[in-house]
Amino acid sequence: MALEAQNITINVGSKTIVNSASVTVESGSITVLVGPNGAGKSTLLGGLSGHTALSGGRALIAGRDLTQLTPKQLCDQRAVMLQSDNLVFDFTVNDVLRMGLVWQVEASETEKTEVIIDLARKCGIEHLLRRSVLTLSGGEKQRVHFCRCLVQVMGRHERDTPRYLLLDEPTSGQDIANELRLLKLLKEIAVQREIGVFVIVHDLNLAVHFGDIFYIMKNGTLVADGVRDAVMTEDTLSSVYETPVKTELTSRGLRIHTF
Amino acid sequence: MQEGFSSQMGEAQGGVSTELKFFFLLVMCLASVLSALAVGGVPLSLLEIVRGEASKLDLTVFSQIRAPRVMLAATVGASLAVAGAVLQGFFRNPLADPGLIGVSGGAALGAVAMIVLGSSLALPVAFAPFTMPMAAIFGSLCVTGALYLFSNYYGQFRIVTVLLVGIAFNALSSVGIGIFQYISNDAQLRSLIFWMMGSFGRAHWVTTVPCVLAMVSAVLVLITKSNSLDKLQLGENEAFHLGVDVKATKRDLVLLSAICVGAGVAVSGIIGFVGLVVPHIVRFTIGVRHKPLMIGSALAGGSLMVLADLLARVVALPAEVPVGLVTSAIGAPFFLWLITKVKP
């Protein structure tokens, strides 16, 4: 069971943003996508999420083509966190988290509240539940949307539905402590609940620490994929980022330096 | 990039439960309807009417004039308020009002076109109660649809852009209405001007029931879309990822809000600001989630319109002031205050 992109190509206008990319996101593991700005990472994520129309190839979730599934069926199987902030009206944090309750039909009111409070605590936003999202800082808002996506994939109790979490730079606005907290939580959930995570990050050290499978993208093409030691090498990274990159294997894992 | 709009007053009322607030609203609704039924040029005793002791004249006034008028005012108020709430949510714009963004103007143009051209269509007489509402709904649909296409083309509108586009649509509608005034004959001109003044004074059962039914059903269906409208507040992408069929939902919202506005304008002319003022009061007091917001707006909009119409009827007896004057007198200062808060 996996979320897969098979040779997907995405054109915007006459420009090819993603060129024949193939990605496999396995349940229970963290798949990391890295690459320079403008490489097409977010567009690739859009293709994997079922939102962006493909110009070529296909995307499958548990063997079924995404285009055959309704938005309702898709939202039962995967949550997507984008880099956006569109709220204009005074929704409370609690209101926004409850929008993630797409599995609500089967759950009791107590059950729903428990899930929300538990996840809000883990994301460090429990004390904000009654606040208006408009009054929060950028980092706090980001944690609210992160938590909403967790609510969407975590609520279901049956273990048989494959669930995936697609995240576009989920920790870009976090301080170091919260960044670590969210990534640890992500790792824990991926392993315990067998959720397949696909995440775009820029911090290469965090990527190698938390990732299981790595993809590197440049100019719309995936230039490397596989396990850490095959992908996150000095040569590959230096050429992709056009910047000298040093890697060092220490007792605490692989360290990546740029100076 | 998006302008935020905070109405934090809501937190202060945390002590009163939502159920109690809705109970107050219901009581207010009932009280305004009952007083509007009783008070007027001919004062009526509702007790006598219920007991069957009322005079024949009183009964006629009640059943043929007062009751249809109050029912119409309540429905139009509810319908415009809900349409305002929906359009604000749809465009994620706290300043959207059916009148300000040109939707009512489009409906008026449709209705005026039907007044002037209707007779040359030679439709069966039985269609008469339907033709004007249909034309008005078509007119408001054109404007909502055009706004929607504009926003799709240019991406999410800035708050002030919707209003500017609204000014353009209102100007275009005025041009159209001016042309129809010019080519109309005397009889058409008279009914046209009479209609444009905006009043519930011409409420008769036969002419209003189709519109009332259309507005009531549109409001009820809109309430079922409240969950999707909530999710659309996060953005269209996000709503899709939360299971909303964005395209179908947007189409339904455009169509249903056009019915709310068009049918309202067809029976009562342009009545401004109800769609702006009411949803904001409900957001402050009850909350921003669209289900309570729409139900609250329907109840509050209905009561407000019934009371405004009552005021319009009695303030200068035996003459009548246009009800739109009353709502604009309340709404325009409110709009100014809102601008200082939203800072578009």
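Cut-offs and rules
Residues numbered from 1 in each chain as written. Chains lettered and ligands numbered in written order. Predicted model: local features only at pLDDT ≥ 70, side-chain atom pairs only at ≥ 80, totals over all residues. Heavy atoms only, no water. Pairing = 2+ DSSP bridges. Helix = DSSP H or I, 4+ residues; strand = E, 2+ residues; numbered from the N terminus. Contact = heavy atoms within 4.5 Å. Buried area = accessible area lost by both parts, 1.4 Å probe. Salt bridge = Lys/Arg side-chain N within 4 Å of Asp/Glu carboxyl O. Polar contact = N/O pair within 3.5 Å; in protein donor to acceptor, adjacent residues only side chain to side chain. Nonpolar A, V, L, I, M, F, W, Y, C, P; charged D, E, K, R; others polar. Buried < 20%, exposed > 50% of the residue type's maximum accessible area, 1.4 Å probe, protein only.

Residue and element names in this part refer to chain A. As paired elements, strand β9 (residues 213-218) and strand β10 (residues 221-226) share five bridges and run antiparallel to each other. For M217, the partnering residue across the bridge sits in β10 and is L222. Connecting β9 to the antiparallel partner β10 that follows it, the hairpin turn spans two residues, and N219 within it adopts a positive phi of roughly 50 degrees.

Attention shifts here to the interface of chain B and chain A. Of the residues lining the interface, 32 residues belong to chain B; the matching set on chain A comes to 32 residues. When chain B packs against chain A, close to 2,600 Å² is buried across both sides, 62% of that on carbon and sulfur atoms. Here chain B and chain A share one salt bridge between them. Between R289(B) and D95(A) there is a salt bridge whose closest N-O contact spans 3.5 Å. Summed over the shared surface of chain B and chain A, the number is six residue pairs in polar contact (both at pLDDT 80 or more). Sorting the residues of the side of chain B that touches chain A by element identifies α4 (56-90), α10 (226-232), α11 (236-241) and α13 (274-285) of chain B as the ones contributing at least two each. No other element matches α11(B), which puts four residues into the side of chain B that touches chain A. A class-by-class count of the residues in the side of chain B that touches chain A yields seven nonpolar, 16 polar and nine charged.

This next bit is on the side chain of S297(B). Residues and elements named next belong to chain B. You can see S297 is positioned in helix α14 (residues 290-314). A relative accessible area of 0% places S297 in the buried class. Non-local contacts of S297, meaning those with residues more than four positions away in its chain, are made with A81, V82, A85, V278, P279, V282 and G302.

For the rest of this paragraph, the subject is the sheet that holds strand β4 (residues 56-61) of chain A. Within the open sheet, the four strands sit side by side as β2-β1-β4-β5 (chain A). Their pairing is antiparallel. Each edge of the open sheet is held by one strand with a lone partner, namely β2 (15-26) and β5 (64-65) of chain A.

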